[in-house]
Amino acid sequence: MLEILYQDEYLVAINKPSGLLVHKSFYAGEADTYAIQELRKQIGQKVYPVHRLDRKTSGVLLFTLDKDTLRMMSTQFEEKMVEKRYIAILRGWAKEEETIDYDLINENEVRQNAVTHYRRLQTSEIDLPFLKHPTSRYCLVEAIPETGRFHQLRKHFKHILHPILGCRKHGCNKQNKLWLQTFGINKMTLHAHKLVFTHPVSKDRITLNATVDEEFRQVGDILGFDLKAYS
């Protein structure tokens, strides 16, 4: 059963598990289940995704229950009226606060402007030798993407040389292998923890929060991060 964070006659939001595809995609490959079909079966209604999360990204995922509401919510996303907040665990200690303004190439080889704001929340250094270093450093950050490009956060953190722990395509595979061999963990530590928007009908300001899963908490425990605000 999917965890439903919010539901009324126009909208429904879930805490998407890591590993679940939102819908069929040429770029993501095939899967046995998709969030769309699972949610439709669970609530007995057709649903329309307003945005998407990567397969390995967990967190708040919003759907509408009709096409008129979908158009209204899509406009909010397009006009940057929706606040999206993520937490991620990065290799190394990133700056305390930074805006990454770095163009990305999309699936169709088109260059797009992409902007991400982030702030460092916590740091950790553990007794885990890596390459020439006797220890390993990590940080917990909150990221706010101003734009919504394909794999934006994963690519932006790779660009500043602080890749997301557990990310394969845009991460550090040597670091990921170390975590798999040492701790038996290959979790991508990227989670959409908050979504804030205006309800398209009532005009109320809606804030949705999604808790991290057990594997994210496990990584946090190893690093000594306080994740109570996200659990």
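As the structure is a computational prediction, the values presented were derived from the model and not from experiment.

> Is there a simple way to think about the packing of aromatic side chains in this case?
Given two aromatic rings, one states the distance between the centres and the angle between the planes to describe the pair. Overall, the coordinates contain three aromatic pairs when judged by the stated rule. Summarising the aromatic geometry, the rings of Tyr 118 and Phe 157 are spaced 5.5 Å apart at their centres and angled 70 degrees between planes, so their arrangement reads as edge-to-face. Of the two residues, Tyr 118 is situated in strand β9 (residues 115-126) and Phe 157 in helix α3 (residues 152-159); the sequence distance between them amounts to 39 residues. Phe 157 carries the same exposure label as Tyr 118, and that label is buried. Relative to Phe 183, the ring of Trp 179 has its centre 4.6 Å away and its plane inclined at 50 degrees; by these criteria the two rings are tilted. Here Phe 183 and Trp 179 lie together in helix α4 (residues 173-183), a separation of four residues that amounts to about one turn. Of the aromatic side chains, those joined through ring pairs into one cluster are Tyr 138, Trp 179 and Phe 183. Across from the ring centre of Trp 93, 3.8 Å away, lies the NZ or CZ of Arg 137, which sits over that ring.

> Is there a simple way to think about the pairing of strand β11 (residues 190-198) in this case?
Residues in a regular strand project their side chains so that they alternate between the two faces of the sheet. The element β11 is extensively covered by neighbouring structure, given that seven of its nine residues are classed as buried. With two bridges joining them, strand β4 (residues 58-64) and β11 adopt parallel strand pairing. Opposite Ser 58, over in β11, you have His 191 as the bridge partner. Across five bridges, the pairing between β11 and strand β12 (residues 205-209) is antiparallel. The residue bridging Thr 198 from the neighbouring strand is Arg 205, located in β12. In this structure, the hairpin formed by β11 and β12 is closed by a connection of six residues, where Lys 203 is found at a positive phi of approximately 70 degrees.

> Mind showing me how you'd approach the nonpolar core here?
The tendency in soluble globular proteins is for nonpolar side chains to be buried side by side. Counting residues in each nonpolar core, the largest one holds 31 residues, and the members touching the most others are Leu 39, Val 47, Phe 63, Leu 90, Tyr 118, Phe 157 and Ile 164. Taken together, the elements giving at least two residues each to this core come down to β2 (11-16), α1 (35-43), β4, β5 (83-91), β10 (136-145), α3 and β11. Of the residues forming this core, the biggest block, four residues, is contributed by α1. Residues in contact with Phe 157, not counting those within four places in the same chain, are Leu 90, Ile 100, Tyr 118, Val 141, Ala 143, His 162, Pro 163 and Ile 164.

> Quick question: what am I supposed to make of the environment of Tyr 102 here?
Examined against the element boundaries, Tyr 102 turns out to sit in the loop between β6 (97-101) and β7 (104-105). Relative accessible area serves as the criterion here: at 35%, Tyr 102 is assigned to the partly exposed category. Those residues within four positions of Tyr 102 in sequence are excluded, and the remaining contacts are Ala 114, His 156 and His 159.

> What is the right way to look at the pattern of salt bridges in this model?
Here the idea is simple: oppositely charged side chains can pair when their charged atoms come close. Within this structure, the stated rule accounts for 14 salt bridges. Arg 120 is paired through a salt bridge with Glu 96; the nearest N and O atoms lie 3.8 Å apart. Within this pair, whereas Arg 120 is found in strand β9, its partner Glu 96 is found in the loop between β5 and β6, the two being separated by 24 residues in sequence. Residue Arg 120 is classed as partly exposed on the basis of its relative accessible area of 26%. On the accessibility criterion, Glu 96 (60% relative accessible area) is exposed. Taken together, the shared-partner salt bridges in this structure form one network comprising Glu 83, Arg 85, Arg 119 and Glu 142.

> Please explain helix α2 (residues 67-78) as it appears in this structure.
Here α2 is twelve residues long and its end C-alpha atoms lie 16 Å apart, about the 16 Å a rise of 1.5 Å per residue gives. Turning to α2, its buried residues number three or more, namely Thr 69, Leu 70, Met 73, Gln 76 and Phe 77. Summarising the axial view, the buried residues of α2 lie within an arc of 120 degrees, below the 170-degree limit, and thus occupy one face. Exposed and oriented more than 90 degrees from the buried face of α2 are Lys 67, Arg 71 and Glu 78. Elements in contact with the buried residues of α2: β2, β3 (48-49), β4, β5 and β11. After α2 finishes, the residue Lys 80 shows a positive phi value of roughly 60 degrees.

> Quick question: what am I supposed to make of the side chain of His 199 here?
By the element assignment, His 199 lies in the loop between β11 and β12. Its relative accessible area of 3% is what places His 199 among the buried residues. Beyond its immediate stretch of four places on either side in the chain, His 199 contacts Tyr 6, Asp 8, Tyr 10, Leu 11, Asp 204 and Ile 206.

Criteria and thresholds
Residues numbered from 1 in each chain as written. Predicted model: local features only at pLDDT ≥ 70, side-chain atom pairs only at ≥ 80, totals over all residues. Heavy atoms only, no water. Phe/Tyr/Trp six-rings, centres within 6.5 Å; stacked < 30°, edge-to-face > 60°. Helix = DSSP H or I, 4+ residues; strand = E, 2+ residues; numbered from the N terminus. Buried < 20%, exposed > 50% of the residue type's maximum accessible area, 1.4 Å probe, protein only. Lys NZ or Arg CZ within 6 Å of the ring centre and 35° of its normal. Pairing = 2+ DSSP bridges. Core = buried A, V, L, I, M, F, W, Y, C linked by side-chain atoms within 4.5 Å. Contact = heavy atoms within 4.5 Å. Salt bridge = Lys/Arg side-chain N within 4 Å of Asp/Glu carboxyl O. Expected span 1.5 Å × (residues − 1). Arc of directions from axis to C-beta.

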